[in-house]
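One-letter residues, chain by chain:
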Amino acid sequence: MIYMLLANGFEESEAVVPCDILRRGQAEVKLVGVGGKTVIGAHEIAMLADLTIEEVDPRTAEMVILPGGLQGVENIRASAPAMALLNTCWKEGRGLSAICAAPTIFGEMGILEGKDAVCYPGMEGELKGANHRKGDQVAVSGRVITGEGPGSAYEFGFALLEAVKGKAAMERVKDAMYFRY
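Residues numbered from 1 in each chain as written. Predicted model: local features only at pLDDT ≥ 70, side-chain atom pairs only at ≥ 80, totals over all residues. Heavy atoms only, no water.

A. A look at the packing of aromatic side chains. As enumerated under the stated definition, the model contains 2 aromatic pairs in all. Seen from their ring centres, Tyr154 and Phe179 are 5.6 Å apart, and the 25° between their planes marks the pair as stacked. Note that Tyr154 is positioned in helix 5 (residues 153-165) and Phe179 in the segment after helix 6 (167-176), a separation of 25 residues in sequence. The class of Tyr154 is partly exposed, set by a relative accessible area of 38%. Grouped by ring-pair contacts, the aromatic residues Tyr154, Phe158 and Phe179 constitute a single cluster. A cation over a ring is seen here: Arg143 above Trp90, with NZ or CZ 3.6 Å from the ring centre. Seen from the ring of Phe158, Lys174 lies directly overhead, with NZ or CZ sitting 5.3 Å from the centre. (Phe/Tyr/Trp six-rings, centres within 6.5 Å; stacked < 30°, edge-to-face > 60°. Helix = DSSP H or I, 4+ residues; strand = E, 2+ residues; numbered from the N terminus. Buried < 20%, exposed > 50% of the residue type's maximum accessible area, 1.4 Å probe, protein only. Lys NZ or Arg CZ within 6 Å of the ring centre and 35° of its normal.)

Written out as structure tokens, the structure is:
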């Protein structure tokens, strides 16, 4: 199962676009509310999560995805269950992905050491130990995938799909969506 954590203040496009791409590619994705099932995005768009962070069984996690949004990222940092899930998944060899401001959480956790990574411009100093890939929209480095920001939500979603379902599945979804960039 792929879990996407949503906390109040998350960046809506960074959640909806990758989730849509993954589900089109037949990946099992659950939206996880941090702080409740109804989550309000940075631009006042309310989303209903499939389950709450307290309902997640870490043993079922194949990958955890973090959308950005400064307030959403801060709310994930402040959530003991969310941080415990990330730590467990990292220690057990599961995939971790984040976009925009969210890769800074991985920097704090020490998991970017020696890995290629991107984040929202101006936050590069918080990617502790990472090889920042300036100008790239997405960086894939082992089981860690990072994205630059809202404008890279499609490329981020396609990288996630390729990681979990393979290149052929990703290309099929790209073609079906008429993604030409």
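Having seen it, we continue.
B. Quick peek at the environment of Val118. Tracing the backbone through its elements, the reader meets Val118 in the loop between strand 8 (116-117) and strand 9 (131-132). Leave out the neighbours within four places in its chain, and Val118 touches Pro103, Leu127, His132, Arg133, Asp136, Gln137, Val138, Ala139, Thr146, Gly147 and Glu148. (Contact = heavy atoms within 4.5 Å.)

C. Region of the structure containing the side chain of Glu11. If you trace the backbone, Glu11 turns up in the loop between strand 1 (2-7) and helix 1 (12-24). The buried charged residue Glu11 lacks any salt bridge, with Arg77 as its nearest oppositely charged partner at 14 Å. Non-local contacts of Glu11, meaning those with residues more than four positions away in its chain, are made with His43, Pro67, Gly68, Gly69 and Pro150. (Lys, Arg positive; Asp, Glu negative; His and termini not counted. Salt bridge = Lys/Arg side-chain N within 4 Å of Asp/Glu carboxyl O.)

D. Structural context of the pairing of strand 1. Here strand 1 lies mainly inside the structure; 6 of its 6 residues are buried. In the classification by handedness, the crossover that spans strand 1, the intervening helix 1 and the parallel strand 2 (residues 29-34) is right-handed. (Right-handed = clockwise from strand over helix to strand, strands pointing away.)

E. Examining the sheet that holds strand 2 more closely. Strand order in this open sheet of 7 strands is 5-2-1-6-7-11-10, and the pairing throughout is mixed. Here the strands that pair on one side only, and so sit at the sheet edges, are strand 5 (51-52) and strand 10 (138-141). Bridge count between strand 10 and strand 11 (residues 144-147): 4 bridges; the pairing is antiparallel. Bridge assignment links Val138 to a residue of strand 11, and that residue is Gly147. Most of the contacts of helix 5 go to strand 11, to which it runs at about 165°, and overall it touches strand 1, strand 6 (63-66), strand 7 (95-99), strand 10 and strand 11. (Pairing = 2+ DSSP bridges. Axes fitted to C-alpha atoms, helices over the stretch in contact; angles between N-to-C directions.)

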